[in-house]
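# Fold and contact review
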Number of protein chains: 2
Amino acid sequence: MAPRTDHDETRVRIADVAEELFRRLGYAKTTVADIAAELGMSPANVYRFFPSKGAIVESICSRYLEEVVVLCDRIADRPEPAAARIEALVLGVLDYHRRIVLREQRIHDVVVIAIRENWQAILAHKDRIRTVMARILADGVRRGEFPGLDAEDAASALLSAGTRFCHPMMIADHLDDDLDAEARQMLRYLLAGFATAGRPAG
Amino acid sequence: MAPRTDHDETRVRIADVAEELFRRLGYAKTTVADIAAELGMSPANVYRFFPSKGAIVESICSRYLEEVVVLCDRIADRPEPAAARIEALVLGVLDYHRRIVLREQRIHDVVVIAIRENWQAILAHKDRIRTVMARILADGVRRGEFPGLDAEDAASALLSAGTRFCHPMMIADHLDDDLDAEARQMLRYLLAGFATAGRPAG
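Residues numbered from 1 in each chain as written. Chains lettered and ligands numbered in written order. Predicted model: local features only at pLDDT ≥ 70, side-chain atom pairs only at ≥ 80, totals over all residues. Heavy atoms only, no water.

### Focus: the UniProt feature "DNA-binding region" (unreviewed entry) in chain A
Selection rule: UniProt positions are given in the numbering used here, feature names are shortened, and annotations may be inferred rather than shown by experiment. Per the convention used, a helix needs a DSSP run of H or I reaching at least four residues, while a strand needs a run of E reaching at least two, with both numbered from the N terminus.
Per the UniProt record, "DNA-binding region" (unreviewed entry) is annotated on residues 31-50 of chain A. Summarising residues 31-50 of chain A: 75% helix, 0% strand, and an end-to-end C-alpha distance of 13 Å.

And the structure:
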């Protein structure tokens, strides 16, 4: 048996080549046989590493989503007020996906397929983003920006309200709108809600 | 020249028959020739009333969207507090589109085509929904629920934040989620924001 790292390295090589082919030919026109030929492997050998073309797509998609999480984590670590970091996070995710849509249409197509088919990877990703949001909100509670706020509950609400600005399909369908301005407008009210919703009534 | 009402009646008849065919055969498989045959008309005659299959779709879609507006107007007219009406409106739109997705998959497909192609009809619809929302919010300002709130600005924010719950494609992709509970959760914070965002700072 090959050691684990060789296996992982081969998976990365297959995903690299597949990504390049998807970019050049589009997802639909790229076959596992094409990917295998480009690597000088047999299709059967590719299938040892990925059970299907869909699994390769999931892997490529996960790399992009990982970049989004790293971006969000970096924003969460900044020293500025929690409200400013929440706004920066939403605008950062919007900007990331918009760049993919504009510059890498075929990678965007792959992301859309993953969204519509590989629910587990997407659900896991949304959970990670929600966790970063909850971390910032909890810090805002500690700093007194959001007194008494349930950070986990508020993070779920934020993720829901942010759909228009963070969902790749919504971004792709509204490239002509000023989504940055709209996101700031919406967040102004939502953050005002976070600042008061946890206070005792009266 | 035929009087205006005859022309309109024929348009309605064509749209009725087209809707029935879309429902039975699906949008892609229904041709203008099929629609014409069903009506005992020539395709050329159908084209006198609608320039394209897309225009027929837009007309069918507008009828469904009209029902959504009527539903929202009815909720806006209720005597209850503005916050409760806003929640009822979002849940009402969600419920309407979810029923179409679940019971009329082929009509949903037509709505999705309209969303992705007939931007004018959809933009006009969104503006009408925003107007109803602004009317409820302005009433909330008068009643003291949302002191000092800019109702127009807040309605735009509400429309943005409601994307996950009011956009037919988002609803179709999340039928397994408890969208009603999520909408209530999100609105609790947004409405708290509306109640305080218009107050003088300090």
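### A closer look at the nonpolar core
The line we're drawing: Remark: nonpolar core denotes a set of buried residues (Ala, Val, Leu, Ile, Met, Phe, Trp, Tyr, Cys) joined through side-chain atoms within 4.5 Å. Summary of the burial criterion: residues with accessible area below 20% of their type's maximum are buried, those above 50% are exposed, and those between are partly exposed, where the area comes from a 1.4 Å probe applied to protein chains only. Only heavy atoms matter for contacts: two residues are in contact if any of them lie within 4.5 Å across the pair.
Counting residues in each nonpolar core, the largest one holds 143 residues, and the members touching the most others are A:Phe194 and B:Phe194. Not counting chain neighbours up to four residues away, the residues in contact with A:Phe194 comprise A:Leu137, A:Phe146, A:Leu149, A:Ala154, A:Leu158 and B:Tyr189.

### Things to note about empty space enclosed by the protein
Residue and element names in this part refer to chain A. Rules: Method remark: on a 1 Å grid restricted to protein atoms, a set of points is classed as a cavity if a 1.4 Å probe fits but cannot get out and as a pocket if it is open with protein on both sides within 12 Å along at least five of seven lines; lining residues have an atom within 4 Å of a point. Grid points are joined across faces, edges and corners, and a volume is the space filled by probe spheres set on the points.
What the rule picks out here adds up to 1 cavity of 30 Å³ or more. At the level of elements, α4 (53-76) and α5 (82-103) are the ones that each hand at least two residues to the lining of the largest cavity. A per-element tally of the lining of the largest cavity places α5 first, with 3 residues.

### Concerning the pattern of salt bridges
We count it as follows: One speaks of a salt bridge when a side-chain nitrogen belonging to Lys or Arg is within 4 Å of a carboxyl oxygen belonging to Asp or Glu.
This model, assessed by the stated rule, comprises 38 salt bridges over all chains. For A:Asp77, the salt bridge is made with A:Arg135, and the minimal N-O distance between the two is 3.1 Å. Remark: A:Arg135 occurs in helix α7 (residues 119-142) and A:Asp77 occurs in the loop between α4 and α5; sequence separation between them is 58 residues. Look at A:Arg135 and you get partly exposed, because its relative accessible area is 37%. The partner of B:Asp73 in a salt bridge is B:Arg135, with the nearest N and O atoms 3.0 Å apart. With a gap of 62 residues between them, B:Asp73 in helix α4 (residues 53-76) and B:Arg135 in helix α7 (residues 119-142) connect regions that are remote in the sequence. Linked by salt bridges that have partners in common, A:Arg85, A:Asp139, A:Arg142 and A:Arg143 make up one network.

### Comments concerning the interface of chain A and chain B
Heads up, the condition is: Buried area, as used here, totals the accessible surface that two parts lose on assembly, with accessibility defined by a 1.4 Å probe and the loss added over both. Under this definition, polar contacts are N or O atom pairs within 3.5 Å; protein pairs additionally need one hydrogen-donor-capable and one acceptor-capable atom, and for neighbouring residues in sequence, both atoms have to be side-chain atoms.
Listed as interface residues are 30 residues of chain A and, on the opposing side, 30 residues of chain B. Each partner contributes to the roughly 2,500 Å² buried at the junction of chain A and chain B, and carbon and sulfur atoms together form 58% of this total. For the pair chain A and chain B, the interface holds 4 salt bridges. Counting the contacts that link chain A with chain B gives 8 residue pairs in polar contact (both at pLDDT 80 or more). Of all elements in the fold, only α7, α8 (151-161), α9 (163-166), α10 (168-173) and α11 (179-197) of chain A reach the threshold of two or more residues within the side of chain A that touches chain B. With 11 residues, α11(A) is the largest single contributor of residues to the side of chain A that touches chain B.

### What about the relation of the copies chain A and chain B?
Here is the rule: Least-squares superposition aligns the copies on the C-alpha atoms of those residues with pLDDT at or above 70 in both.
Once turned by 180° and shifted 0.0 Å along the axis, chain A lies on chain B with an RMSD of 0.0 Å. As the rotation angle and translation indicate, the two copies are arranged about a two-fold axis.

### Points about the state of the cysteines
All names here are of chain A. Rules: Two cysteine sulfur atoms form a disulfide, by the criterion used here, when they sit within 2.5 Å.
Evaluation of the coordinates by the stated rule reveals 0 disulfides over all chains. Left without a disulfide partner, Cys 61 is nearest to the cysteine sulfur of Cys 72, which lies 15 Å away. The exposure class assigned to Cys 61 is buried, which follows from its relative accessible area of 3%. In this model Cys 166 remains outside any disulfide bridge; the closest cysteine sulfur is found in Cys 72, 7.8 Å from its own.

### A closer look at the domain arrangement of chain A
Residues and elements named next belong to chain A. Threshold: Reported domain spans reflect what an automatic or database domain assignment gives.
For chain A, the assigned domains are domain 1 (1-51) and domain 2 (53-197). Inter-centroid distance (C-alpha atoms) of domain 1 to domain 2 is 30 Å. Contacts between the two partners involve 20 residues from domain 1 and, on the opposite side, 14 residues from domain 2. In this structure, the connection of domain 1 to domain 2 is made through 2 salt bridges. Here Glu 104 makes a salt bridge to Arg 23, at a shortest N to O gap of 2.2 Å. At the junction of domain 1 and domain 2, the tally comes to 9 residue pairs in polar contact (both at pLDDT 80 or more). Of all the secondary structure elements, the ones that give two or more residues to the side of domain 1 that touches domain 2 are α1 (4-25) and α2 (32-39). Per element, the largest residue contribution to the side of domain 1 that touches domain 2 is 11 residues, and it comes from α1.

### Observations regarding the packing of aromatic side chains
Where we set the bar: Here the aromatic set is Phe, Tyr and Trp, taking the six-membered ring for Trp, and pairing holds for ring centres within 6.5 Å; pairs whose planes are under 30 degrees apart are stacked, those over 60 apart are edge-to-face, and all others are tilted. For a lysine, the NZ atom is tested; for an arginine, the CZ atom; a charge sits over a ring if that atom is within 6 Å of the ring centre and within 35 degrees of the ring normal.
Applying the stated criterion across every chain yields a total of 6 aromatic pairs over all chains. Each ring, one from A:Phe146 and one from A:Phe194, has its centre 6.1 Å from the other, and the planes form 85°; the classification is edge-to-face. Of the two residues, A:Phe146 is situated in the loop between α7 and α8 and A:Phe194 in helix α11; the sequence distance between them amounts to 48 residues. Residue A:Phe146 shares its accessibility class with A:Phe194, and that shared class is buried. An aromatic cluster of three or more residues is present, and its members are A:Phe146, A:Phe194 and B:Tyr189. A cation over an aromatic ring shows up here: A:Lys53 above the ring of A:Tyr27, its NZ or CZ 4.2 Å from the ring centre.

### As for the UniProt feature "domain: HTH tetR-type" (unreviewed entry) in chain A
Sites flagged by UniProt as "domain: HTH tetR-type" (unreviewed entry) map to residues 8-68 of chain A. Across residues 8-68 of chain A one finds 80% helix and 0% strand; the C-alpha atoms that close the span lie 22 Å apart.

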